[in-house]
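Here is how the chains run, residue by residue.
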Amino acid sequence: MSYIDPGMRDMLDTFVHETETMLEELDEILLESERARSISADNIGGIFRITHTIKGSAAMMGIDGISNLSHAVEDVFYILRNAPSKLDLVFDTIFDLVFQTSDFLKRELEKLQVQGNDYIPDDPSGLIKKLHLQAAILSGESAPQESEKAAAEKEPDCGEAGQSCRYKIHIFFNDDSQMENLRAFMLLSQLEGCCDYLGSDPEHPEADSSLSEEIAKNGFIIYCTPASSIDEVKQTIENSLNVKSYEIVDLLPDNPDDKSLRSEEQADATSSKATQSPGTGGPIKAPARGAKQSLISVNQAKLDQLMDLVGEIVTAESMVGSNPDLRGLKLDNFTKSFRELRKLTNELQDIVMAMRMVPLQTTFHKMDRIVRDMSKKLGKKTELVTEGGDTEVDKTINDAMVDPFMHMIRNSMDHGIEPPEERLAHGKPELGRITLSARNVGGEILIEVADDGCGLDAEKLLEKAERNGLLTKPASAYTDREAYNLILAPGFSTNAEVTEFSGRGVGMDVVRKNVEQIGGTISINSVKGQGTTFTIKIPLTLAIVNGMNISVGGTVFTLPIASINQSFKVNDPGQIIRNTNGTEMIIIRGECYPIVRLNRYFGIDGGIEDITDGIMIQVNNNDSKACIFADELIGEFQVVVKPFPSFFSKYDLKKRGLSGCSILGDGSISLILDSNNLICDL
Amino acid sequence: MNENINSGTGLTNDLKDRYLLFNIEDTKYGFSLEYVLEIINVPSLTPVPGVAHYIKGIINLRGKIIPIIDVRLKLGLPEREHDDKTCIIVLNIHDMQAGVIVDSVSEVVNAENSQLSVPADFGEASSRYLSSILEIDNKIVLNIDCEKFFSADLESQF
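Residues numbered from 1 in each chain as written. Chains lettered and ligands numbered in written order. Predicted model: local features only at pLDDT ≥ 70, side-chain atom pairs only at ≥ 80, totals over all residues. Heavy atoms only, no water.

1. Re the overall build of chain B
When helices and strands are counted, chain B shows 4 helices and 11 strands. Residues classed as buried in chain B amount to 49% of the 158 residues present. Long-range pairs, those at least 24 residues apart, make up 53% of the contacts in chain B between residues at least 6 apart in sequence. Of the roughly 7,800 Å² that chain B leaves accessible, carbon and sulfur atoms contribute 45%. (Helix = DSSP H or I, 4+ residues; strand = E, 2+ residues; numbered from the N terminus. Buried < 20%, exposed > 50% of the residue type's maximum accessible area, 1.4 Å probe, protein only. Contact = heavy atoms within 4.5 Å. Areas by Shrake-Rupley, 256 points an atom, 1.4 Å probe, with all protein chains shown as cover.)

Below, the structure written as structure tokens:
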């Protein structure tokens, strides 16, 4: 049986997306408040609004777990809003609980997305109980003040109700509809549109889930004065879900019995009365939308398609421009129009690229959370400093970076940052610091994750790697930098014990894999006793690469500019050193580089063999360096990267040093070289 | 010679019984029309290193990168100079496009079940890929089963 009502399935994606966004917002508010050790009225309102909205939409989707849990949080913050000073009593407990709630909700959302119709909700009752307990502690102290306020509000409201109320509608819901209180509330909001006056008994059914039993048993009473005719109201009620039966009673405007009944009920409902915040209006519509109104969410597949199309257009445009039929012709008007076209396509390309760009800020914020949780669990005091969160990267890259960030920060927290006592003993500030920074450096994003912890110990790393059989050469031959890179090797973990956070030896391996998958590189620098810095360079976007086209025989290759150090001609064949196994090497400024002859490497006929005729291109990746030998440089181009047809998937061309292909201006195809794998293969 | 065979024709069901005939050496072969997308001239091929010898490379077909297979090499025959009749039949198999180089294409025929017979299995490359043998106008046509023909190239995905 599917958990989600079939009619709601279409809404599921929207629900998940909206709720995720709100939870992120919630986390941000919480972290900010926790750092400040206080919570502003605005932020309480924010949290209140978020939980309220989640509750409403979850109830609409029929996901009771999420709805009930958000409701419990909402209760707590409802009390806090009226008495912010009480917060100090339970500060840490509340924050922990709300963070747990946020995590729980995120897990549920993920499950909803992955399992779809087979979604099985987790039971949040443990959390709810804890939240209720906190609410009780809070309200126990603030109760008198509150009822006073509510009583003051009660009078005018009641008088108004008595005068204008015209009909009394008694509604019964289906026996098994569940969450009757919220269904009643939804009915109320539906009726809002067609009634001049609207009241109900209980007045705020959404405020208290315990009311749902009462409503199920005794029904739900609505007082209303229709804007036009009662028929409209009838129709709305008939159309709404789960209504079993209803009964309309025409009241005299000043029916005293009814009025007294209302006031009486209201007195009971005082505690939940003010729940409906003035700014909240209908909780289903998120009130904060105002600022975000100009945003729409688009299916990423559509964006990818658009990107592809624009790539086509760019290629087609240069095909027109460099069309051989035009050669030698003097076409003033054509040239003018063509220039205009090119300007527009360039603009189009920029916009499409910009559309896929998202700031790293949200990803950075997620890390805040990890640092906070780990600090608590490990008993280390650490702050996360983020810089350049507004740096924008392609959405795919952003998504791929979440895991690496997490692993690097966990690693820094677990292995890097020392416990407070040790830090003080070393003359460092007690508070550890992890810096997460991003900046744009010439077509690439440079991301640094730095900690001021104990740094890496090359000797220990080597020792450990040797034990794990990860060394490929004698330990003494490793430079410090090479030794640091060992922590990126699969199966390497410096922590003797497996902790909750790290030690299984998979983490840093994932970092490297993810970074490489998006065409990035990672390097590690460390000073013993002062800290470790991970430097990651990733391309701005995956789809379009700045490349140098080089020819070998009849084949054109594209080498990403980012990996090229320099290119030069070899004048003297004597510069080439031959190894015993036949590999050639060249010495440049005292460093020895192996030479990759592309024609031999790829088995291409007709490439230049004489080393003085061709061109040498020096490429650098991390710490592996090599020189690529090709026939000639054709020039620098922006190329649209296309993956190889899936036909080739069994050949694993990536391993062979080819990352994809691209269509050149004249319609021919170039193969994109992946110098990383090209060199690794040596 | 750029014609789109599938455009305007009916359902794939109808296409199943129709075959596009092409020549390799002196033998007539056929592809079921349900796989055939179009026939194009041989453009310049970009060889891809490190793949099977019968994959001649990739081409750019209106912005799509398509692998090209030489039927001769796949069938174990020697390669042949391309002439003005040599062309590429673009096939669509499991939503993937691939082109095959053939000596020339001749015609499209309708085949009825009565005209088809089951091929004997000689275990040779050429007979391994056959789905049926068609006798039409006193000529013998060997029908190639696209699924079998590409099975070695697709296996990693299934």
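Alright, that's what it looks like, and here's the rest.
2. Let's talk about the nonpolar core
A general tendency of soluble globular proteins is for nonpolar side chains to be buried together. Grouped together as the largest cluster of nonpolar side chains are 66 residues, with contacts concentrated most on F557 and L598 of chain A together with V100 of chain B. Apart from residues lying up to four places away in sequence, F557 of chain A is in contact with M548, N549, I550, V552, L598, F602, I604, L658, L671 and L673 of chain A. If you look at the next biggest cluster of nonpolar residues, it comprises 46 residues, including M374, M508, I524 and I538 of chain A. (Core = buried A, V, L, I, M, F, W, Y, C linked by side-chain atoms within 4.5 Å.)

3. With respect to unusual backbone geometry
Of note, R589 of chain A is a non-glycine position whose phi angle comes to about 45 degrees, a positive value. Mapped onto the secondary structure, R589 of chain A falls in the loop between β16 (584–588) and β17 (591–597). Unlike most non-glycine residues, E25 of chain B shows phi in positive territory, near 55 degrees. For E25 of chain B, the position within the fold is in the loop between β1 (18–24) and β2 (27–32). The partly exposed category is assigned to E25 of chain B, whose relative accessible area is 44%.

4. Points about the pattern of salt bridges
All names here are of chain A. Overall, the coordinates contain 29 salt bridges over all chains when judged by the stated rule. For K106, the salt bridge identified is with D27, shortest N-O distance 2.5 Å. Note that K106 is positioned in helix α4 (residues 87–115) and D27 in helix α1 (residues 9–36), a separation of 79 residues in sequence. Close ionic contact of R369 with D27 constitutes a salt bridge, the shortest N to O distance being 3.6 Å. (Salt bridge = Lys/Arg side-chain N within 4 Å of Asp/Glu carboxyl O.)

5. What about the packing of helix α14 (residues 361–378) of chain A against helix α15 (residues 395–416) of chain A?
Residues and elements named next belong to chain A. Where α14 meets α15, the axes come as close as 10 Å, and the angle between the chain directions of the two elements is 25 degrees. Here α15 runs roughly parallel to α14, going by the angle between their axes. Handedness of the α14/α15 crossing: right-handed. On α15, the residues touching T363, F364, M367, I370, V371, M374, S375 and L378 of α14 are N398, V402, F405, M406, I409, R410, M413 and D414. Grouping the constituent residues of the contact of α14 with α15 by class yields 11 nonpolar, 3 polar and 2 charged. (Axes fitted to C-alpha atoms, helices over the stretch in contact; angles between N-to-C directions. Parallel < 35°, antiparallel > 145°, perpendicular 65-115°, else oblique. Left-handed = near helix turned anticlockwise from the far one by under 90°. Nonpolar A, V, L, I, M, F, W, Y, C, P; charged D, E, K, R; others polar.)

6. Looking at a nonpolar patch on the surface
Where nonpolar side chains cluster on the molecular surface, the patch consists of L306, I351 and M355 of chain A and spans about 250 Å² of accessible area. One can find L306 of chain A in helix α12 (residues 300–321). (Patch = residues over 30% accessible without salt bridge, like charges linked within 9 Å, V, L, I, M, F, W, Y side chains within 5 Å.)

7. Structural notes on the interface of chain A and chain B
Taken together, the contacts link 21 residues of chain A with 26 residues of chain B. When chain A packs against chain B, the two sides together hide about 2,000 Å² of surface, and 70% of this comes from carbon and sulfur. For the pair chain A and chain B, the interface holds 0 salt bridges. Those elements giving two or more residues to the side of chain A that touches chain B turn out to be α12, β21 (658–663) and β22 (669–673) of chain A. (Buried area = accessible area lost by both parts, 1.4 Å probe.)

8. A short note on the sheet that holds strand β11 (residues 531–539) of chain A
Residue and element names in this part refer to chain A. With mixed pairing, 5 strands are arranged side by side in an open sheet as β6-β8-β9-β11-β10. The open sheet has two edge strands with one neighbour each: β6 (382–387) and β10 (521–527). Mean inter-strand twist for the sheet, computed between neighbouring axes without regard to direction, equals 15 degrees. Across 6 bridges, β6 lies against strand β8 (residues 432–441) in parallel orientation. Along β8, the bridge assignment pairs L384 with I434. (Pairing = 2+ DSSP bridges.)

9. A closer look at the confidence of the model for chain B
Averaged over chain B, the pLDDT score is 79; the fraction of residues at 70 or greater is 83%. Between residues 1–10 of chain B, whose pLDDT stays under 50, and residues either more than four places distant or in other chains, the model counts 22 contacts. (pLDDT = per-residue confidence, 0-100.)

10. Re the sheet that holds strand β4 (residues 55–61) of chain B
Residues and elements named next belong to chain B. Here 5 strands make up an open sheet; going across it, the order is β3-β6-β7-β5-β4 and the pairing mixed. Strands with a single pairing partner mark the edges of an open sheet, and in this sheet they are β3 (36–41) and β4. Taken over all neighbouring pairs, the strand axes of this sheet differ in orientation by 30 degrees on average, direction set aside. Strand direction decides the pairing type here: strand β6 (residues 87–93) and strand β7 (residues 96–102), joined by 7 bridges, are antiparallel. For V90, the partnering residue across the bridge sits in β7 and is G99.

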